[in-house]
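The lines below spell out each chain.
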Amino acid sequence: MNSNATVCFEGISRSFGGHKVLAGASGKIAAGRVVGLLGRNGEGKTTLLKILLDMLACDGGRAVINGLSPDGSGEIRQHVGYIPERPLFHGFMTAQGVLETRAGFFRNWDMTRAKALASKLELPLGTRVRGMSKGSLAKLTWICAAAHNPKVFFLDEPTSGLDALVRDDILKNLITELTGEGKTILVTNHRMEEMAGVLDAVWVLSGGAIAFASPMEELMRDARHIKLRLKDGAQLPEISGLTELNREGGFVELAALSGAAEDKLRATGAAETMETAGLSLNKVFSVLLKQFGGNRHV
Amino acid sequence: MSRYFLLQLRKNRLMILGFAAIFALSILAACGVAYLHSWSVKQVFIAYGRMQHFWLLCGFPLAVMVFSASAGAELASDVNMELETPLPVSPLEKFWAAQAANLVYLACFLLVLLLAGGQELPNANAAAQEFLRHSYFSEALGILIIAVCLCLPVSVFTCAYLLRNGMLGAAAGIVITAPAVFGAALLEYLNAAHGPRADYAGWNYLLLPLWLLSIGAVSLPATRLVEVNAPKKLPHMAAVLCALMFGGLIFLPPLFGVYRNLINAKWALNSENDNPGDMAVYMGNDGEMFFATPDGIRAMSRRPKTAPGFFATLLAPRDYWWLHREHSMIWRDDKSFWLLIRHYNRGADLMLVDVRADKLLFGKTFPKSFSLWKMRNTGKKLLGFTGEQKFCVFDDNGTTGKLRDINSKEFAAEGIAVAVAEFKAGVLRLDEHGKSKIWKLPGIITLSENIVLARERPIRYGLVLPTTQDGERVYSVPVWNKDTGFLAICRLDGTVDRAPLYYPHPVVKQTGGFVPSGAIWLDAAKNFEQLFHDKPYDWKISADAVYCDGRFIWLSYQDKHLVKADGKTAAVVAYWRLPALPGGGRGWESFTVPSRSGIFVNRAEGVYFVNWEGKAKLLPMLKN
């Protein structure tokens, strides 16, 4: 295990009944890096996060988060800010009560910071949880995740189901701020393009393992949107790394995640005309999921 | 853990409040209906009492099931997992904190029910009734109480938590607890019927930690199963269920011992002097006191305070060293008595109890440094002795002078003329007012209750305390000459009277025996052998001399027969079977208290009075 990495896991596996969800997932995140974890529904993103958070036992593998290994004590959670996919709080408490309760559990809880965040996000602390809107619950979750000043954040669909205004609030005010503070973040998001500008790397979880991992900069540099017209009677050659986006007669739109695939396509001479351009972030993630997330290897 | 415990209390407070509200409403409804139906305040009180009984008998067990099942299932619910798992608390801590919160709420609810009972609370009289019902059935009730109050909540909670379902958890909890309860009941039944009761008492030290370990062993796989969704569910589940059943089985007997301690740990107080009336006094470990007369038994209405107190008694099975105590009791002619109780390593309590007035006239606690353990009555003065060969004098109101060394000068300084007994020489000498008086006795002087040893080595002589006989000061010492022994009563005019050597409670065995007026009790033992077909030279063949009227001596033989024998020839004149001992007497803690007209014996069904003609009467409980 790399001791320099803030988050490091190796060979994590986990089954539910006979269904193997994780099968040897491994990855490392250096301190201060932000990693986006892509994967189709049911691929085990939440399971992986829960195992790393010591909330779920794994069948095999090891993990070290901020120097601590999951051991059933829950100590890891003292040092990690966690945004669950479905935020829940005790309905009988007010937001203020939630913060006060949490203050009793987290050693480094900073109530001043919690209140400042509440003020920034315009969350009224006197509101009872059971009467809160989804947006308010999301804001409260964010405050609870950040108020104990963790160095590591695990964000599981942090903007899921939120309206545009709340989403903007969270994205602009919090995620950007956290990345600016050098926090280490592992985030899953079905709309990963929202995270543009903050991601340092992207992983694709597929078949129970990290099937693809690339720095974001490299990915954006190499990803190509290719438009071509096939020669009469020519067939589109099967080249790995190319994903077909659209086809109308002889006109084909392709996405390539590396320059090599584009070069191989040119070398076949199947295209009568061919234009290349950069690929949008949205398309990149979509292509990643198509290429790596489509087939389960296990 | 404390934070989570508080959170659990907060979360579940509505349920306890709900139950309390239902309880209050049901009481109000019962009283209201009773009043409207009869327009009688008395009926209202009856309805109140019945409803309170209903709640104790049915409502509380129901509350145990509902509280525990819902608390366990809620802790393991998906919603709660999503809600509380992100908190940095280990599943094990959560499990224990929630268990503790559940037990605390149940205890509160039980307290509310008991307090609401008011006049229905167990009082001294009820405790006395329990004392009389020293039987298997009352003990089985104890098992049930413990099972309902502790075993069931823990089992139901754990099962509901494991199965993540309140209904299933409650059912499984009952199924798991039942073998434990029946096992403990069976064990107790077998123990009562066939074996010494105290046999496993010493194992309690081991059993209680074992139970804690088994519950601890349960909690780990249970929380792994539920909270972190550990794989290999079946082995974990089986381990949990086995541990729960095992835990229930092993923890009930020791806890049951605690309960038994409450109802059984009462002992009879034997006085150092003659009982002025036909009376026996019993005392519980917690200080409760019962007065038995041939008419019946009544409890002292106010419980004298004695260490270690009620809670120590509650928590400690009997016969343990920290409960160990010795008592010394001296009757006064006015049917009051001095009682001195020395507690293990903790000083002593002195009290003066007036039986007729049913009250404590005097009570005082001595520190460890003033640890008195014996009292003697010289006729004029009451003396207290420590184990360090020191004595003090009590005045009439129980206050004590300073501790003095045991020697003639110190006794003289207190105005007590002690005689010096030279054991081997058989000489008794009294120096008083500058004059010496010497009694030469035909034999060796042996130790007796009224001879105290001076602080000198080697022990060659003892100090004989004066006693009174028909208002006259006398010095009495036991004298032995070969196989013959008698009590020499040395009078101040120089004469010596012989009296049968009689101790209130000597054990008379076939191997020696004491000799009243020359009769050798070995012969008596042979008579008993013929009478009762006991084996000769069996160590069990023993007889307690319980009374001597000068001509006849009465003995309690094996606690099974009352034997009247001739004091001179040892010939058995008559004998009667005493009320049957429970379980054949094995392990039975028997108290035989002699009085002037008969003896008091304790049995499973209560205390009997047996007069000197062998007529037995089961004593009823009398109201104060």
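Owing to the predicted nature of the structure, the values given are computational and were not obtained by experimental measurement.

Comments concerning the overall build of chain A
Consideration 1: Helix and strand content of chain A: eight helices and 13 strands.
Consideration 2: In chain A, which comprises 298 residues, the share counted as buried stands at 43%.

Here we look at the interface of chain B and chain A
Consideration 1: Every contact between the two is made by 18 residues of chain B and, on the other side, 21 residues of chain A.
Consideration 2: Every element with two or more residues in the side of chain B that touches chain A is listed here: helix 1 (2-11) and helix 4 (78-84) of chain B.
Consideration 3: Split into classes, the residues belonging to the side of chain B that touches chain A amount to 11 nonpolar, three polar and four charged.

Let's talk about the environment of Gln78(A)
Consideration 1: Topologically, Gln78(A) is positioned in the loop between strand 4 (60-65) and strand 5 (80-83).
Consideration 2: Separated by 30 residues in the primary sequence, Gln78(A) and Asn108(A) place their C-alpha atoms 7.9 Å from one another.
Consideration 3: Beyond its immediate stretch of four places on either side in the chain, Gln78(A) contacts Phe106(A), Arg107(A) and Pro88(B).

A few points about the sheet that holds strand 13 (residues 419-422) of chain B
Residue and element names in this part refer to chain B.
Consideration 1: Read from one edge to the other, the open sheet built from five strands follows the order 15-14-13-18-17, with strand pairing classed as antiparallel. In the strand order of this sheet, the two ends are held by strand 15 (435-440) and strand 17 (451-453), each with one partner. For this sheet the average axis-to-axis angle between neighbouring strands, irrespective of direction, equals 30 degrees.
Consideration 2: Taken together, the four bridges between strand 13 and strand 18 (residues 461-464) define a ladder with antiparallel strand orientation. Considered in strand 18, the bridge of Ala421 is made with Gly462.

Regarding the sheet that holds strand 5 of chain A
Residue and element names in this part refer to chain A.
Consideration 1: The six strands lie next to each other as 5-6-7-3-8-9, forming an open sheet whose pairing is mixed. Only two strands of the sheet have a single partner each, and these edge strands are strand 5 and strand 9 (209-215). Across the sheet, the axes of successive neighbouring strands diverge by a mean angle of 15 degrees, strand direction being ignored.
Consideration 2: The sheet contact formed by strand 6 (residues 152-156) and strand 7 (residues 184-188) spans five bridges and is parallel. When the bridges of strand 7 are listed, Phe154 appears paired with Leu186.

What to know about helix 4 (residues 134-146) of chain A
Consideration 1: For helix 4 of chain A, with 13 residues, the first-to-last C-alpha span of 18 Å sits near the 18 Å given by 1.5 Å per residue.
Consideration 2: Of the positions making up helix 4 of chain A, those classed as buried are Ala138(A), Lys139(A), Leu140(A), Thr141(A), Trp142(A), Ile143(A), Cys144(A), Ala145(A) and Ala146(A).

Focus on the pairing of strand 13 of chain B
Residues and elements named next belong to chain B.
Consideration 1: Every second residue of strand 13 is oriented toward a common face, the buried set being Ala419 and Ala421 and the non-buried set Val420 and Glu422.
Consideration 2: In this sheet, strand 14 (residues 427-432) lies alongside strand 13 in antiparallel orientation, the contact comprising three bridges. When the sheet's bridge partners are listed, Val420 is paired in strand 14 with Arg429.

Examining helix 2 (residues 13-38) of chain B
All names here are of chain B.
Consideration 1: Here helix 2 contains 26 residues, and its C-alpha end-to-end distance of 37 Å stays within 8% of the 38 Å for a straight helix at 1.5 Å per residue.
Consideration 2: Of all the positions in helix 2, only Phe19, Phe23 and Ala34 are classed as buried.
Consideration 3: Trp39 sits one or two residues past helix 2 and shows a positive phi near 50 degrees.

Examining the environment of Gly494(B)
Consideration 1: Its place among the elements puts Gly494(B) in the loop between strand 21 (484-491) and strand 22 (496-499).
Consideration 2: C-alpha of Gly494(B) to C-alpha of Trp439(B): the two residues are 55 residues apart in sequence and 6.7 Å apart in space.

Thoughts on the packing of helix 4 of chain A against helix 5 (residues 164-180) of chain A
Relative placement of two packed helices is described by the angle separating their axes and the distance separating the axes.
Residue and element names in this part refer to chain A.
Consideration 1: Relative orientation of the contacting elements helix 4 and helix 5 amounts to 15 degrees, with a least axis distance of 10 Å. By the angle between their axes, helix 4 is roughly parallel relative to helix 5. Like other packed secondary-structure pairs, helix 4 and helix 5 cross with a definite hand, here right-handed. Together, Gly135, Ala138 and Trp142 of helix 4 and Val166, Ile170 and Leu174 of helix 5 make up the contact between the two elements.
Consideration 2: Across the contact of helix 4 with helix 5, the residue classes tally to five nonpolar, one polar and no charged.

Let's talk about the packing of helix 2 (residues 95-105) of chain A against helix 4 of chain A
Residue and element names in this part refer to chain A.
Consideration 1: Running from N to C, helix 2 and helix 4 cross one another at 20 degrees; their axes reach a closest spacing of 11 Å. One element, helix 2, and the other, helix 4, form an angle in the roughly parallel class. The crossing of helix 2 and helix 4 is right-handed. Touching Ala95, Val98, Leu99 and Arg102 of helix 2 are Leu140, Ile143 and Cys144, all from helix 4.
Consideration 2: Grouping the constituent residues of the contact of helix 2 with helix 4 by class yields six nonpolar, no polar and one charged.

Let's talk about the nonpolar core
Consideration 1: Counting residues in hydrophobic clusters, the biggest one holds 88 residues, and the most contacted among them are Leu38(A), Leu52(A), Ile143(A), Phe154(A) and Leu288(A).
Consideration 2: Counting only domains with at least three residues in this core, you end up with domain 1 (5-214) and domain 2 (224-278) of chain A.
Consideration 3: If we ignore the near neighbours within four places in the chain, the residues touching Leu52(A) are Val7(A), Phe9(A), Ala63(A), Ile65(A) and Phe154(A).
Consideration 4: One finds Val281(B), Leu340(B), Val546(B) and Val601(B) within the second-largest nonpolar core, a separate group that totals 73 residues.

Brief notes about the confidence of the model for chain B
Residues and elements named next belong to chain B.
Consideration 1: Of the residues in chain B, 69% have a pLDDT of 70 or more, and the chain-wide mean is 74.
Consideration 2: When mean pLDDT is taken per element in chain B, strand 31 (residues 616-618) scores highest with 92 and strand 23 (residues 507-509) scores lowest with 35.
Consideration 3: Low pLDDT, under 50, characterises residues 313-320; the stretch is placed with 25 contacts to residues that sit more than four places away or in other chains.
Consideration 4: When the criterion is pLDDT under 50, residues 534-541 qualifies, and its contacts beyond four places in sequence or with other chains add up to 10 contacts.
Consideration 5: This complex was scored by the predictor with a pTM of 0.58 and an ipTM of 0.82.

Here's the deal with unusual backbone geometry
Consideration 1: Notably, Asn149(A) is not glycine yet its phi reads approximately 50 degrees, a positive angle.
Consideration 2: By the secondary structure assignment, Asn149(A) is in the loop between helix 4 and strand 6.
Consideration 3: Look at Asp358(B): it is not a glycine, yet its phi comes out positive at around 55 degrees.
Consideration 4: Examined against the element boundaries, Asp358(B) turns out to sit in the loop between strand 7 (348-354) and strand 8 (359-366).
Consideration 5: With 15 C-beta atoms counted inside 10 Å, the residue Asp358(B) sits in the partly exposed group.

Concerning the pairing of strand 11 (residues 242-248) of chain A
Residues and elements named next belong to chain A.
Consideration 1: One ladder, built from six bridges, connects strand 11 with strand 12 (residues 251-256); its direction is antiparallel. Bridged to Arg247 within strand 12 is Val252.
Consideration 2: The antiparallel hairpin formed by strand 11 and strand 12 contains two residues in its connecting segment, where Gly249 sits at a positive phi of about 60 degrees.

Section: the environment of Val64(A)
Consideration 1: Among the secondary structure elements, Val64(A) is positioned in strand 4.
Consideration 2: Note: C-alpha distance between Val64(A) and Phe9(A) (55 residues apart in sequence) is 6.3 Å.

Conventions used here
Residues numbered from 1 in each chain as written. Chains lettered and ligands numbered in written order. Predicted model: local features only at pLDDT ≥ 70, side-chain atom pairs only at ≥ 80, totals over all residues. Helix = DSSP H or I, 4+ residues; strand = E, 2+ residues; numbered from the N terminus. Buried ≥ 20, exposed ≤ 12 C-beta atoms within 10 Å, placed from the backbone. Contact = placed C-beta atoms within 7 Å. Nonpolar A, V, L, I, M, F, W, Y, C, P; charged D, E, K, R; others polar. Pairing = 2+ DSSP bridges. Axes fitted to C-alpha atoms, helices over the stretch in contact; angles between N-to-C directions. Expected span 1.5 Å × (residues − 1). Parallel < 35°, antiparallel > 145°, perpendicular 65-115°, else oblique. Left-handed = near helix turned anticlockwise from the far one by under 90°. Core = buried A, V, L, I, M, F, W, Y, C linked by C-beta atoms within 7 Å. Domains from an automatic or database assignment. pLDDT = per-residue confidence, 0-100.

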